Amino acid sequence: MSNEPQTPIRRFVEDYRRLRFAEGYASSDPAFARQLPFRDTTGRNVAAWRLRALHYVVMRTGLALLPAVDRVLDVGAGNGWLARRLAHRYSVTALDVDATDAGLGAIDDPRIGRVRGDLEALPVRDGTFDVVIAAAALHYAVNLSQALAEMARALRPGGVLVIADSPFYSDALARHRAWRRTLGYYEEAGAAHLARRYQGLTRAELDGPALFRFITLSPGYEPLRAALARLRGRETGPRLPVIFGWKR
Ligand SMILES: C[S@@+](CC[C@H](N)C(=O)[O-])C[C@H]1O[C@@H](n2cnc3c(N)ncnc32)[C@H](O)[C@@H]1O
């Protein structure tokens with residue numbers, strides 16, 4: 001592992017790790033990462049992981065249909081649960097700014113390459129990977145265009161970017177309202193600065209730089225619940241889609 005992160009990333013990592021443990025999204029039990037996404041051994045976020053397990057199946061099915069995939073980069077890999085599952089079939093590198101026990105430090109599988117680095121400044125050569133996956137990670141980019149450009153650079157011609165489980169909003173206003181709620185949550189947790197590295201996405205922003213041709217494989221939300229919320233005049237909340245993007 002290389003690229004010692006500087007503040008404020010270091011501060012992000014410290015406080016983010018603390019919150020992940022408090023929220024039950026990190027655990028010192030080695031079985032936790034091994035059993036995800038199908039079983040949440042903390043029992044704290046069972047519904048969230050149920051949805052993520054469904055998205056994982058969608059992702060794996062999509063990946064299996066792609067020709068000539070071997071080298072996969074998992075950005076914002078966290079404890080590496082996804083990298084571990086993918087390593088049965090692909091050559092996987094897990095990248096994260098967090099090398100603690102909530103991040104890359106939890107990965108003990110020798111098949112997985114571990115790189116400490118920033119998804120907005122990938123420490124990898126051009127065209128190294130067939131697939132880049134950002135699972136629940138892209139919304140931590142401070143500069144989305146920069147992150148997308150870096151992922152495109154890391155991919156070979158015709159390579160595919162997979163985005164999963166990042167919150168997408170219908171427009172910038174809905175995204176901003178949600179961000180205010182996130183800020184309130186982080187303020188209460190004594191780590192308001194975390195909100196500076198967390199922003200929901202809109203589809204328009206993703207398409208803007210025209211680096212990828214995207215298709216949505218799974219809408220990532222329960223259509224019935226969303227329709228009911230609309231009928232009641234309530235906000236529908238974010239979608240967490242699975243999106244595949246072919247490098248142009
Ligand atoms: C919600 S977790 C997702 C972890 C894992 N991919 C999963 O699917 O459960 C977000 C991860 O993104 C990492 N992260 C946040 N900002 C990052 C950045 N700029 N570069 C690389 N990783 C980042 C965090 O450290 C964390 O591990």
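See above for the structure.
Predicted model, so just to flag it, every value in this text is computed and none were measured.

**Student:** Just checking my understanding: could you explain the overall build of the protein chain for this structure?
**Tutor:** A tally of helices and strands in the protein chain yields eight helices and nine strands. Here the C-alpha radius of gyration of the protein chain, 17 Å, is about what a compact globule of 248 residues would show, namely 18 Å. Considered along the principal axes of its C-alpha atoms, the protein chain spans approximately 50 × 40 × 35 Å. Here the protein chain holds 248 residues, and the buried ones make up 37% of them. Intrachain contacts of the protein chain at a sequence separation of at least 6 include 65% that bridge at least 24 residues.

**Student:** For this particular structure, what's the right way to read the sheet that holds strand 1 (residues 71-75)?
**Tutor:** The strands making up a sheet are joined through hydrogen bonds of the backbone, oriented either antiparallel or parallel. Overall, mixed pairing links the seven strands, which are arranged 3-2-1-4-5-9-8 in an open sheet. Both edges of this open sheet fall to strand 3 (113-116) and strand 8 (212-218), since each of them pairs with a single strand only. Neighbour-to-neighbour, the strand axes of the sheet open up by a mean angle of 20°, direction not taken into account. Across six bridges, strand 8 lies against strand 9 (residues 242-247) in antiparallel orientation. The partner of I215 across the bridge, within strand 9, is F244. Relative to the sheet, helix 5 (residues 144-154) contacts strand 1, strand 4 (129-135), strand 5 (155-164), strand 8 and strand 9, its axis offset from that of strand 5 by approximately 135°.

**Student:** Can you walk me through the pairing of strand 1 in this structure?
**Tutor:** Residues in a regular strand project their side chains so that they alternate between the two faces of the sheet. Taking burial as the measure, the five residues of strand 1 include four buried ones, the bulk of the element. Strand direction decides the pairing type here: strand 1 and strand 2 (residues 91-96), joined by five bridges, are parallel. Paired with V72 across the bridge in strand 2 is V92. Of the crossover connections in this fold, the one passing from strand 1 over helix 4 (residues 81-86) to the parallel strand 2 is right-handed.

**Student:** How do you make sense of the environment of R34 when you look at a structure like this?
**Tutor:** Turning to its location among the elements, R34 is positioned in helix 2 (residues 30-35). Once the C-alpha coordinates of R34 and R20 are considered, the two residues, 14 residues apart in sequence, prove to be 17 Å apart.

**Student:** Would you explain unusual backbone geometry in this entry?
**Tutor:** Both trends apply: most residues other than glycine have a negative phi, and most peptide bonds are in trans. Each neighbour pair has its own omega, and for L36 with P37 the value is 0°, a cis peptide bond. Position of P37 among the secondary structure elements: in the loop between helix 2 and helix 3 (46-65). The backbone of D165 sits at a positive phi, close to 60°, despite the residue not being glycine. Positionally, D165 belongs in the loop between strand 5 and strand 6 (168-169). For A210, which is not a glycine, the phi torsion comes out positive at approximately 55°. In this structure, A210 sits in the loop between helix 7 (203-207) and strand 8.

**Student:** Would you mind showing me how to read the nonpolar core here?
**Tutor:** By size, the foremost hydrophobic cluster in this structure holds 54 residues, and its most contacted members are V75, V132, I133, A134 and V162. With six residues, the next largest nonpolar core counts F12, V13, Y16 and V97 among its residues.

**Student:** Before we go on, may I ask you to explain the environment of Y198 in this structure?
**Tutor:** Relative to the helices and strands, Y198 is located in the loop between helix 6 (172-188) and strand 7 (201-202). Residues Y198 and A53, spaced 145 residues apart in sequence, show a C-alpha to C-alpha distance of 23 Å.

Reading the values: the criteria
- Along each chain, numbering runs from 1 in the same order as the chain's sequence is written.
- Whole-chain, interface and lining totals are the exception, using all residues; otherwise, since this is a predicted model, local features are given only for residues with pLDDT of at least 70 and side-chain atom pairs are given and counted only at 80 or more.
- Strands are runs of DSSP state E lasting at least 2 residues, helices are runs of H or I lasting at least 4, and numbering of each runs from the N terminus.
- Between the two quantities, the radius of gyration covers C-alpha atoms and the globule rule is 2.2 Å times the number of residues to the power 0.38.
- Partly exposed residues are those falling between the two cut-offs: more than 12 but fewer than 20 other C-beta atoms within 10 Å of their own, whereas 20 or more means buried and 12 or fewer means exposed, with C-beta atoms placed from the backbone.
- Placing C-beta atoms from the backbone, we regard two residues as in contact once those atoms come within 7 Å.
- Two strands are counted as paired when DSSP detects at least two bridges linking them.
- Fitting a line to C-alpha atoms yields each axis, with helices limited to the stretch in contact; the angle taken between N-to-C directions then spans 0 to 180 degrees.
- Whether a crossover is right-handed depends on one test, that the path from the first strand over the helix to the second runs clockwise when the strands point away from the viewer.
- Put simply, a nonpolar core is buried Ala, Val, Leu, Ile, Met, Phe, Trp, Tyr and Cys residues tied into one set by C-beta atoms within 7 Å.

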